[in-house]
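# Structure at a glance
Residues per chain are reported as follows:
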Amino acid sequence: MNPVAASPVRLEASVDPGLSRWMWLVKWLLALPHYIVLMFLWIAFVVVTVIAFFAILFSARYPRALFDFNVGVLRWNWRVGYYAHTALGTDRYPPFTLAEVPGYPARFDVVYPERLSRGLVLVKWWLLAIPQYIVVALFTGGGWGSRDGWRGGLIPFLSLVAVVVLLFTARYPRHLFDFLIGLARWAARVTAYAALLTDQYPPFRLDQGGQEPPAASPPAPPPASPMTKT
């Protein structure tokens, strides 16, 4: 695989060894407390994003405390989604925290930008992101931030296929997992861009697999020419 430009948005996941064949049938029910908390967190997320919009417009900076809060909401949402309806690749119950949890099989982060464009903040979340919204709607049937993971869309459908295969074979289809995480990663990049967390436009590229693709290395300097003896 050729190295690609690193994205400031980092979404990763891994499949539990010995994943339960049947537990996915009740995970949506077990996750109900998280859905209730996330309902309030998403309201706060919208309010914080509006405040950040004006902060970026006047100062070209996303206040760090607000940035960390919104990234934490997206991180919490990803952990719950991964457990309950997107890929369903872990039986470990999601923690109730905005912070990163070392060792949890679903991880999300965004590199903090020291400065953001004042001009882009006016148009990137609606005009520039329209093509990406169309693509993500096909993936998710409603948006990566949706709390209802079983809306129509490619990700919910393929997640259901994966766990049905797991039910009958006791094996999670690895290639399908890689594809699902690639779709979720694309959607997460668009969500972060639309939420003003980064100015880097999401690539129209499906980076599959549980790990982020390696960043491109700087080009090697040309070999030095041998000195000509006189």
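Secondary-structure assignment places Pro8 in the segment before β1 (9-13). The class for Pro8 is buried, based on a relative accessible area of 14%. Here the alpha-carbon distance between Pro8 and Pro202, two residues 194 residues apart in the chain, equals 9.8 Å.

Before going further, it helps to spend a moment on the packing of helix α2 (residues 32-59) against helix α3 (residues 64-84). Relative orientation of the contacting elements α2 and α3 amounts to 150 degrees, with a least axis distance of 10 Å. Between α2 and α3, the angle falls in the class roughly antiparallel. As α2 runs across α3, the sense of the crossing is left-handed. Residues His34, Tyr35, Val37, Leu38, Leu41, Trp42, Ala44, Phe45, Val48, Thr49, Ile51 and Ala52 of α2 form the contact with α3, whose own contacting residues are Leu66, Phe69, Asn70, Val73, Leu74, Trp76, Asn77, Val80 and Ala84. The residue makeup of the contact of α2 with α3, split by class, is 17 nonpolar, 4 polar and no charged.

Now for a nonpolar patch on the surface. A contiguous nonpolar patch, built from Trp22, Leu25, Val26, Trp28, Leu29, Leu30, Leu32, Tyr93 and Phe96 and spanning about 860 Å² of accessible area, is present on the exposed surface. Looking at the nonpolar patch, the element that brings in the most residues is helix α1 (residues 24-30), giving 5 residues. You can see Leu25 is positioned in helix α1.

This part covers helix α6 (residues 154-169). In this model, α6 (16 residues) spans 22 Å end to end at C-alpha, consistent with the 22 Å of a helix rising 1.5 Å per residue. Along α6, the residues classified as buried are Ile155, Pro156, Leu158, Ser159, Ala162, Val163 and Leu166. Summarising the contacts, the buried residues of α6 are in contact with α1, α5 (130-140) and α7 (174-194). Just downstream of α6, Ala170 is the residue with a positive phi angle, here 65 degrees.

What counts, and where the lines are drawn
Residues numbered from 1 in each chain as written. Predicted model: local features only at pLDDT ≥ 70, side-chain atom pairs only at ≥ 80, totals over all residues. Heavy atoms only, no water. Helix = DSSP H or I, 4+ residues; strand = E, 2+ residues; numbered from the N terminus. Buried < 20%, exposed > 50% of the residue type's maximum accessible area, 1.4 Å probe, protein only. Axes fitted to C-alpha atoms, helices over the stretch in contact; angles between N-to-C directions. Parallel < 35°, antiparallel > 145°, perpendicular 65-115°, else oblique. Left-handed = near helix turned anticlockwise from the far one by under 90°. Contact = heavy atoms within 4.5 Å. Nonpolar A, V, L, I, M, F, W, Y, C, P; charged D, E, K, R; others polar. Patch = residues over 30% accessible without salt bridge, like charges linked within 9 Å, V, L, I, M, F, W, Y side chains within 5 Å. Areas by Shrake-Rupley, 256 points an atom, 1.4 Å probe, with all protein chains shown as cover. Salt bridge = Lys/Arg side-chain N within 4 Å of Asp/Glu carboxyl O. Expected span 1.5 Å × (residues − 1).

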